[in-house]
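Survey of secondary and tertiary structure
Now for the letters of each chain:
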Amino acid sequence: MLSPVASDDLDDLAAFLRAADLTVAALAEPAVRLWLERDEAGAVSATTGFELGEDGEHALVRSVAVRPDLRGTGDGLRLARFALDRAADAGARQAWLFSRRSGGFWQKLGFERTTTSALATALPHAHQVRLFRCTGQLDREVAWRRPLRGSFAA
């Protein structure tokens, strides 16, 4: 069951995201809303979340990951839909994300490829955007977007 990330979850969450090769920047920032699931042993098994833009209209989906042995079970879609629903509940009307490797997965959820400059214009203060600009990584990323309307409940 997904639960909101608490301060005592941050170290485990960061380790899980690093193992999944996902960004760990700004996990504790107020605009970044994250959830996780733990298995019976207490280890993180799945995560999801988003960062709401300053305008409240745009959300950057981030930290959607499942443990490797759970891939292909539908958990990734469930987690992504959860983040999209929560972003819409928070008032976002457009979802954005960075993904170089999982475009096919995101297309199943209605995402279309866009430019990193469009994403950076919509979410100029998002932590990943600022990080990727500073490191020169922004131009090497692949950006995706989709409107948020209706429910994405599984």
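What comes next is a walk through the structure.

1. Thoughts on unusual backbone geometry
Although it is not a glycine, D21 sits at a positive phi angle of roughly 60°. Structurally, the position occupied by D21 is in the loop between α1 (10-19) and β2 (32-38). For S63, which is not a glycine, the phi torsion comes out positive at approximately 65°. Note on placement: S63 falls in the loop between β4 (58-61) and β5 (65-66).

2. Here's the deal with the layout of surface pockets
Empty space within the largest pocket amounts to approximately 750 Å³. Contributing to the lining of the largest pocket are 30 residues, with L22, V64, S99, R101 and S102 lying nearest its centre. Elements that contribute at least two residues to the lining of the largest pocket include exactly β5, α2 (75-89), β6 (94-98), α3 (103-107) and α5 (127-135). Here the residues of the lining of the largest pocket are counted per class, giving 13 nonpolar, 10 polar and 7 charged.

3. A word on the packing of aromatic side chains
Considering all chains together, one arrives at 5 aromatic pairs under this definition. With 4.9 Å between their ring centres and 65° between their planes, F98 and F132 make a pair best called edge-to-face. With a gap of 34 residues between them, F98 in strand β6 and F132 in helix α5 connect regions that are remote in the sequence. With a relative accessible area of 3%, F132 lands in the buried category. Note on W106 and F111: the rings are 5.4 Å apart at their centroids and 80° apart in plane angle, and the pair reads as edge-to-face. For F111, a relative accessible area of 2% puts it in the buried group.

4. Observations concerning the environment of E112
Considering the arrangement of structural elements, one finds E112 in strand β7 (residues 112-114). C-alpha of E112 to C-alpha of V66: the two residues are 46 residues apart in sequence and 22 Å apart in space. Ignoring any residue separated from it by four or fewer positions in sequence, one finds E112 in contact with A143, W144 and R145.

5. Considerations on the nonpolar core
Counting 23 residues, the largest nonpolar core has V61, W106 and F111 as the members making the most contacts within it. Every element with two or more residues in this core is listed here: β3 (44-52), β4, α2 and β6. A total of 5 residues in this core trace back to one element, the largest contributor, which is α2. Here W106 is in contact with V61, V64, A80, L97, S99 and F111, once residues within four sequence places are set aside. In this structure, F98, L123, V129 and F132 belong to the second largest nonpolar core, which totals 12 residues.

6. Notes on the pairing of β2
Among the 7 residues in β2, 5 count as buried, and that is most of the element. Pairing analysis gives 2 bridges linking strand β1 (residues 3-4) to β2, with the strands arranged antiparallel. Along β2, the bridge assignment pairs P4 with W35. Taken together, the 7 bridges between β2 and β3 define a ladder with antiparallel strand orientation. Across the sheet, R33 pairs through a bridge with F50, a residue of β3.

Conventions adopted
Residues numbered from 1 in each chain as written. Predicted model: local features only at pLDDT ≥ 70, side-chain atom pairs only at ≥ 80, totals over all residues. Heavy atoms only, no water. Helix = DSSP H or I, 4+ residues; strand = E, 2+ residues; numbered from the N terminus. 1 Å grid on protein atoms, 1.4 Å probe; cavity = no way out; pocket = protein on both sides within 12 Å on 5 of 7 lines; lining within 4 Å. Points joined across faces, edges and corners; volume = space filled by probe spheres on them. Nonpolar A, V, L, I, M, F, W, Y, C, P; charged D, E, K, R; others polar. Phe/Tyr/Trp six-rings, centres within 6.5 Å; stacked < 30°, edge-to-face > 60°. Buried < 20%, exposed > 50% of the residue type's maximum accessible area, 1.4 Å probe, protein only. Contact = heavy atoms within 4.5 Å. Core = buried A, V, L, I, M, F, W, Y, C linked by side-chain atoms within 4.5 Å. Pairing = 2+ DSSP bridges.

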